[in-house]
Amino acid sequence: MSAPRASRFVGDRPSRRISVSFEFFPPKTAEMEQTLWEAINRLAPLKPNFVSVTYGAGGSTRERTHATVKRILADTILTPAAHLTCVAATSADVDVVIDAYVQAGVRHIVALRGDPTSGAGERYAPHPGGYRNAADLVAGIKRIADVEVSVSAYPEKHPDSVSAAADIDMLKAKVDAGATRAITQFFFENSLYFRYLDRVRGRGIQIPIVPGILPVQNFKTTKNFAARCGASVPAWLAERFDGLDDDAATRKLIAAAVAAEQVLDLVDHGVTDFHFYTMNRADLVYAICHLLGLRPAPQKTSAHIHVEKERA
């Protein structure tokens, strides 16, 4: 008889408590802003460790990131982690952004090199007067402010890395510069994560390597996204969505089942921290978190409040 699965007992003791974080992107339109805040308000009661907001270098994208982070600070009890890249900017310009985040109350930055302005897949070249890479950016952040810094990690190797070993060398450099957490690129085969974790630990890197989970909202979109960022899409995943192009209801059920299968298997293998790429939608992420044992705090009714006053 096999031992009971750990995922059947999440939340029943401190050693199995699940910690989650959620990633959002800043909205471009009023309609997208409404969708974003519906997602934030739906997920906030689950009390995530933090919520991150993605960043685009320069112009309106950067301003939208700042506006979203400031609103999270002002209107919610959530802890925001602001993304920051060093692409297409001088170090002085990036330092101004760091200082603006700190002045706004941000105490956690997700430091990323960033994709070339010409798009993911193009060759990256550092700005002549800028930070050279993510490790250099982490060091710059830590020189300016005493904030927590998270960085990215790649179970299937960053597309620009010459080798898996070089990729882990870069992670080590980011840790040496002051990073205290790594969040992985999304993956669909858990074996990729565990093999990567073994290599990272073998390199002497001991910071948390939090798996990034992408619930599949739209398979075609996910497949195209994965191709740009170097993540593989296994044949079995494509087969699960095969024939459902015109069946949104069933696609949603399949997406929930796939994501649930992945995270519960990770829990069964000892993982307790998860970072969800929400795509600004709450439904699938909320359902998965429910399976992980996360619940909103019970709302006090007027009767409960009356009883508490009587006891006081």
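Everything in this summary refers to the structure shown in the same document. Because the structure is predicted, anything quoted here is derived from the model rather than measured.

Topic: the overall build of the chain
Scanning the chain for helices and strands turns up 11 helices and nine strands. The burial tally for the chain puts 45% of its 312 residues in the buried class. Taking as baseline every contact in the chain between residues at least 6 positions apart, the subset at least 24 positions apart corresponds to 77%. When the accessible surface of the chain is totalled, it reaches about 15,900 Å², and 51% of it is carbon and sulfur.

Concerning the environment of Arg 71
Examined against the element boundaries, Arg 71 turns out to sit in helix H2 (residues 59-75). Apart from residues lying up to four places away in sequence, Arg 71 is in contact with Glu 33, Trp 37 and Thr 76.

A short note on unusual backbone geometry
Phi at Lys 47 takes a positive value of approximately 55°, unusual for a residue other than glycine. With respect to the helices, strands and loops of the structure, Lys 47 is situated in the loop between helix H1 (30-43) and strand S2 (50-53).

A few points about the side chain of Thr 76
Looking at where Thr 76 falls in the secondary structure, it is placed in the loop between H2 and strand S3 (80-85). Polar contacts involving the side chain of Thr 76 include one to the main-chain carbonyl oxygen of Ile 72, which spans 2.7 Å. Among the polar contacts listed, one links the side chain of Thr 76 to the backbone nitrogen of Leu 78, at a separation of 3.1 Å.

Observations regarding the nonpolar core
Ranked by internal contacts, the top residues of the largest apolar core, which has 69 residues, are Phe 22, Leu 84, Phe 274 and Phe 276. In this structure Leu 84 touches Tyr 55, Val 94, Val 97, Ile 98, Tyr 101, Ile 109, Val 110, Ala 111, Leu 112, Leu 137 and Ile 141, once residues within four positions along its chain are discounted.

What to know about the packing of aromatic side chains
Inspection of the entire model under this criterion finds seven aromatic pairs. When the ring of Phe 22 is compared with that of Phe 276, the centres are 6.2 Å apart and the planes differ by 40°; the resulting orientation is tilted. Note that Phe 22 is positioned in strand S1 (residues 19-24) and Phe 276 in strand S9 (residues 273-277), a separation of 254 residues in sequence. Residue Phe 22 shares its accessibility class with Phe 276, and that shared class is buried. Plain terms: the ring middles of Phe 219 and Phe 241 are 5.3 Å apart, the flat faces sit at 15° to each other, and that makes the pair stacked. With Phe 219 in helix H7 (residues 219-229) and Phe 241 in helix H8 (residues 235-241), this pair connects stretches of sequence that are 22 residues apart. The pair Phe 219 / Phe 241 is uniform in exposure class, with both members buried. The side chain of Arg 42 reaches across the aromatic face of Tyr 286, ending 3.6 Å from its centre. The ring of Trp 37 carries the charged tip of Arg 71 above its face, separated from the ring centre by 3.9 Å.

Quick notes on the pairing of strand S6 (residues 181-184)
Residues in a regular strand point their side chains to alternate faces of the sheet. Of the two faces of S6, the one holding Arg 181 and Ile 183 and the one holding Ala 182 and Thr 184 are both buried throughout. Read as a crossover between parallel neighbours, the route from strand S5 (residues 148-153) over helix H5 (residues 164-177) to S6 is right-handed. As paired strands, S6 and strand S7 (residues 209-210) are joined by two bridges and run parallel to one another. Of the residues in S7, the one forming a bridge with Ile 183 is Val 210.

Focus: helix H4 (residues 134-144)
Taken together, the buried positions of H4 are Ala 134, Ala 135, Asp 136, Leu 137, Val 138, Gly 140 and Ile 141. Structurally, H4 contributes buried residues whose contacts are with S3, helix H3 (91-104), strand S4 (108-112), S5 and H5. Its side-chain oxygen at 3.2 Å from the backbone nitrogen of Ala 135, Asn 133 defines the N-terminal cap of H4.

Focus: the side chain of Arg 251
Along the polypeptide, Arg 251 turns up in helix H9 (residues 248-268). One buried charged residue, Arg 251, remains without a salt bridge, the closest side chain of opposite sign being Asp 245 at 5.7 Å.

Things to note about the packing of helix H6 (residues 190-202) against H9
A pair of packed helices is characterised by two quantities: the angle between their axes and the separation of those axes. Direction vectors running N to C along H6 and H9 enclose 35°, while the axes themselves pass 10 Å from each other. Of the two possible hands of crossing, H6 and H9 adopt the one that is right-handed. Residue-level contacts link Asn 190, Tyr 193 and Phe 194 of H6 to Gln 262, Asp 265 and Leu 266 of H9.

What counts and how
Residues numbered from 1 in each chain as written. Predicted model: local features only at pLDDT ≥ 70, side-chain atom pairs only at ≥ 80, totals over all residues. Heavy atoms only, no water. Helix = DSSP H or I, 4+ residues; strand = E, 2+ residues; numbered from the N terminus. Buried < 20%, exposed > 50% of the residue type's maximum accessible area, 1.4 Å probe, protein only. Contact = heavy atoms within 4.5 Å. Areas by Shrake-Rupley, 256 points an atom, 1.4 Å probe, with all protein chains shown as cover. Polar contact = N/O pair within 3.5 Å; in protein donor to acceptor, adjacent residues only side chain to side chain. Core = buried A, V, L, I, M, F, W, Y, C linked by side-chain atoms within 4.5 Å. Phe/Tyr/Trp six-rings, centres within 6.5 Å; stacked < 30°, edge-to-face > 60°. Lys NZ or Arg CZ within 6 Å of the ring centre and 35° of its normal. Right-handed = clockwise from strand over helix to strand, strands pointing away. Pairing = 2+ DSSP bridges. Lys, Arg positive; Asp, Glu negative; His and termini not counted. Salt bridge = Lys/Arg side-chain N within 4 Å of Asp/Glu carboxyl O. Axes fitted to C-alpha atoms, helices over the stretch in contact; angles between N-to-C directions. Left-handed = near helix turned anticlockwise from the far one by under 90°.

Honestly, it's all geometry; don't read function into it.
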